[in-house]
Amino acid sequence: MQTAEWALVIYTILIQMAVGAFLILGAMHVLAYRKAGAEEADRLSDRALYAIGPVVVIGVLASMLHLGNPLNSYKVLSNIGSSWLSREIAMTILFGGLGAVFALLQWRKIGSFAVRTVVAVLTAIAGIGLVFSMSQIYMLPTQPAWNTFGTPVQFFTTALLLGSLAVGAALVANYAYLRSRGEGACLETQGELLCTSIRWIVILAVALLGVELIVFPITIAYLAAGPVEAVQSAAKLFGEFGVLTVLRVLLVFVGAGVFGLFLYRRLRDNSPENFPAALVYGAFALVLIGEVVGRFLFYATHVGINIGV
Amino acid sequence: MGKQLGFYVDLGKCTGCKACQIACKDNSNLPLGVNYRRVVQYTGGDWVQDGDLYIPAGVYTYYVSVACMHCANPLCVEGCPTGAMYKREEDGVVLIDPSKCVGCRYCEWACPYGAPQFDAEAGIMTKCDFCVDEQAAGEKPVCVAGCPFRALDYGDIDELRAKYGDFADPAPLPDPSITRPSVVFSPHKNTRTSKAADGQVMNVEEAI
């Protein structure tokens, strides 16, 4: 595998994680808003929101590395009428731009709550459109291994799974930061909000793990019954790259499933005392590595319809 | 729809000498690993042992000369984000505008014929341009002119189909319904179709 494809692995993983994180963080914010009001909700989620920015920027920079002639990058929106690649880039700009505006409004508390909510919802819609257009790029009739329902399902699952665990890790880090600053007044509320949020995140992560564990074998069965190139792709996944395939499933299973289960049991009593931060960071790290391996395999094992040379 | 240029290959005449591949490579001064036209060897059948002898059982080989098919449904043009890959109005030839290409290589994934090829030095995609400059000067495409067996021809695809038929499905080429290539083949006596491909591509290194 070449640098060009590693660039795509990093770009797609980071952008999908950013979209998923924005969606999940929005949900956690609404949850916190209902429980403890606007000020506490902002205190819970604002710093995590700002962290999404650099993730998008690094993703976009990585995508440049797969271009042979990046000086022409400014022309990539020219074929938006028929090219999903153009549309993906347009959606990236839209998601990144709206997200940046929202973060600015949120940071400076500019505009009413309603205005900021509208911008956030628009950003979320752009994010969903972005992940969808990303998946459509790979739905080529000449790439049987990619041209299945598994591609959009997998992209959205990756987005939400990585997004939720990234938000979990960010909220834990945020709480540690608040505690280090000694903002005593809010710590109790924030601790409760954190525990509730993490519990929801764990439930979501386990559900998404379930989706992955169901969709993966169905996709493989579909490939195995498909044209010769699809069969070759499936064979690569279990032959040449078999170890990585097993590793990928194991990492996501242990990260989201096993760590999730431990976390859920530890959080039953809603007490931020002895909060199992390492479990949250660990789950995020394991699933991140697992999804990166999964995306590597996506690019490394596809066999296009070809003339045999 | 305007005129559409296409290629014709007589698989019965082609001996796999690769003069077309070399004529093209020479004319366009192509680097190692880039071949706008390639000749693929397709082989099938078995050898069965009879005592001390091995007897051929349906062994066959034929060669398929492949360049850009200047398709009616060019997935490379459809997917290109910059519009660098385009289909020329007047003759349906698929061309790359090097001043627009960003080198993302998406056309490489889209094309089932391996026509767009990456020029690593320039960082952009390159492909068969149907020798449009030679044609403008009244000459034939160099692959057609270079074929010592007169197995290659070119012209308006409707005229080619009227003259040679409309077969466009020899193995190991993909099913022509995917991109609707502007090409006609006269089959070799052993030609298999994409749906009944019981052979395999041999001596790959000769075509890359």
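Here, the structure is the one placed above.
For the structure given in this document, a descriptive report is provided here. (Residues numbered from 1 in each chain as written. Chains lettered and ligands numbered in written order. Predicted model: local features only at pLDDT ≥ 70, side-chain atom pairs only at ≥ 80, totals over all residues. Heavy atoms only, no water.)

So, on to the sheet that holds strand β8 (residues 152-156) of chain B. All names here are of chain B. As summarised here, the arrangement of the three strands in space is β8-β1-β9, forming an open sheet in which the pairing is mixed. Looking at strand neighbours, the two that pair on one side only are β8 and β9 (183-186), the edges of this open sheet. Averaged over all pairs of adjacent strands, the angle between strand axes in this sheet comes to 20°, irrespective of strand direction. By the bridge criterion, four bridges tie strand β1 (residues 5-10) to β9 in an arrangement that is parallel. What sits directly across from Phe7, in β9, is Val183. Its contacts with the sheet place helix α6 (residues 157-164) against β1, β8 and β9, and it is angled at close to 125° to β8. (Pairing = 2+ DSSP bridges. Helix = DSSP H or I, 4+ residues; strand = E, 2+ residues; numbered from the N terminus. Axes fitted to C-alpha atoms, helices over the stretch in contact; angles between N-to-C directions. Contact = heavy atoms within 4.5 Å.)

So, about unusual backbone geometry. Residues and elements named next belong to chain B. Residue Pro172 follows Ala171 across a cis peptide bond; omega there is 5°. Of note, Pro172 is situated in the loop between α6 and β9. Although it is not a glycine, Lys18 sits at a positive phi angle of roughly 70°. Notably, Arg105 is not glycine yet its phi reads approximately 70°, a positive angle. Counting through the fold element by element, Arg105 comes out in the loop between β5 (94-96) and α3 (106-110).

Another point: the side chain of Ser182(B). All names here are of chain B. With respect to the secondary-structure elements, Ser182 resides in the loop between α6 and β9. For Ser182, the side chain forms a polar contact with the main-chain oxygen of His70, separated by 2.8 Å. In this structure Ser182 touches Gln4, Leu5, Gly6, Phe7, Met69, His70, Cys71, Ala72, Ile157 and Arg161, once residues within four positions along its chain are discounted. (Polar contact = N/O pair within 3.5 Å; in protein donor to acceptor, adjacent residues only side chain to side chain.)

Our focus in this paragraph is the pairing of strand β3 (residues 53-66) of chain B. Residue and element names in this part refer to chain B. In this structure, strand β2 (residues 38-50) lies alongside β3, joined through twelve bridges in antiparallel fashion. Within the sheet, the bridge partner assigned to Arg38 lies in β3 and is Val66. Remark: two residues form the turn of the hairpin made by β2 and β3, two consecutive strands paired antiparallel; Gly51 in that turn has positive phi of roughly 65°.

Okay, the sheet that holds strand β10 (residues 200-202) of chain B next. Residue and element names in this part refer to chain B. Pairing is antiparallel across the open sheet formed by three strands, whose spatial order is β3-β2-β10. Single-partner strands in this sheet number two, and they are β3 and β10. Pairs of neighbouring strands in the sheet enclose a mean axial angle of 40°, with direction left out of account.

One widely used convention gives an interface's size as the accessible area the parts lose upon coming together. Counting residues at the interface gives 36 residues for chain B, matched by 33 residues for chain A. In total, about 2,500 Å² of surface goes out of reach between chain B and chain A, with carbon and sulfur atoms giving 64% of it. For the pair chain B and chain A, the number of links is zero salt bridges. For the pair chain B and chain A, the interface holds 21 residue pairs in polar contact (both at pLDDT 80 or more). The element contributing the most residues to the side of chain B that touches chain A is helix α2 (residues 75-79) of chain B, with four residues. A breakdown of the residues in the side of chain B that touches chain A according to their chemical character gives 26 nonpolar, six polar and four charged. (Buried area = accessible area lost by both parts, 1.4 Å probe. Salt bridge = Lys/Arg side-chain N within 4 Å of Asp/Glu carboxyl O. Nonpolar A, V, L, I, M, F, W, Y, C, P; charged D, E, K, R; others polar.)

Our focus in this paragraph is the packing of helix α3 (residues 84-108) of chain A against helix α4 (residues 113-137) of chain A. Residue and element names in this part refer to chain A. Look at α3 against α4: their axes get within 8 Å of each other, and the N-to-C directions meet at 155°. One finds that α3 runs roughly antiparallel with respect to α4. Here the hand of the crossing between α3 and α4 comes out left-handed. For the contact of α3 with α4, the residue count by class is 17 nonpolar, eight polar and three charged. (Parallel < 35°, antiparallel > 145°, perpendicular 65-115°, else oblique. Left-handed = near helix turned anticlockwise from the far one by under 90°.)

Our next topic: the side chain of Ser63(A). Within the secondary structure, Ser63(A) sits in helix α2 (residues 38-64). In this view, Ser63(A) contacts Ala7(A) and Tyr11(A); residues no more than four positions away in its chain are not counted.

Below, the discussion takes up a nonpolar patch on the surface. There is a patch of nonpolar side chains on the surface, built from Tyr50(A), Leu104(A), Trp107(A) and Ile110(A) and spanning about 390 Å² of accessible area. Within the element layout of this structure, Leu104(A) appears in helix α3. (Patch = residues over 30% accessible without salt bridge, like charges linked within 9 Å, V, L, I, M, F, W, Y side chains within 5 Å. Areas by Shrake-Rupley, 256 points an atom, 1.4 Å probe, with all protein chains shown as cover.)

Attention shifts here to the packing of aromatic side chains. In this description, an aromatic ring pair is defined by two values, namely the gap between the centres and the angle between the planes. Counted under the stated rule, the structure contains 26 aromatic pairs over all chains. Ring geometry for Trp6(A) against Phe296(A): centres 5.2 Å apart, planes inclined by 20°, an arrangement best described as stacked. With Trp6(A) in helix α1 (residues 3-36) and Phe296(A) in helix α9 (residues 277-301), this pair connects stretches of sequence that are 290 residues apart. Ring plane angle 10° and centroid distance 4.0 Å describe the contact between Phe7(B) and Phe130(B), whose orientation is recorded as stacked. Within this pair, whereas Phe7(B) is found in strand β1, its partner Phe130(B) is found in the loop between β7 (124-126) and α4 (132-136), the two being separated by 123 residues in sequence. A single burial state applies to Phe7(B) and to Phe130(B), both of which are buried. Lying across the ring of Trp84(A), Arg87(A) places its NZ or CZ 4.4 Å from the centre. (Phe/Tyr/Trp six-rings, centres within 6.5 Å; stacked < 30°, edge-to-face > 60°. Buried < 20%, exposed > 50% of the residue type's maximum accessible area, 1.4 Å probe, protein only. Lys NZ or Arg CZ within 6 Å of the ring centre and 35° of its normal.)

In this section: α3(A). Residue and element names in this part refer to chain A. With 25 residues, α3 should reach 36 Å at 1.5 Å per residue; the first-to-last C-alpha distance of 36 Å fits that figure. The set of residues buried in α3 consists of Leu85, Ser86, Glu88, Ala90, Thr92, Phe95, Gly99, Phe102, Ala103, Leu105 and Gln106. Two to three positions downstream of the cap, the backbone nitrogen of Leu85 sits 3.2 Å from a side-chain oxygen, assigning the N-cap of α3 to Ser83. Of the residues flanking the end of α3, it is Lys109, one or two places downstream, whose phi is positive at about 50°. (Expected span 1.5 Å × (residues − 1).)

The next point concerns the environment of Leu247(A). Residue and element names in this part refer to chain A. Position of Leu247 among the secondary structure elements: in helix α8 (residues 242-266). Accessibility expressed as a relative area gives 37% for Leu247, which makes it partly exposed. Separated by 46 residues in the primary sequence, Leu247 and Val293 have C-alpha atoms spaced 8.1 Å apart.

This next bit is on the environment of Ala21(A). Residue and element names in this part refer to chain A. By the element assignment, Ala21 lies in helix α1. Separated by 141 residues in sequence, Ala21 and Leu162 place their C-alpha atoms 7.4 Å apart. When near neighbours in sequence (up to four residues on either side) are disregarded, Ala21 contacts Ile52, Ala159, Gly163 and Val167.

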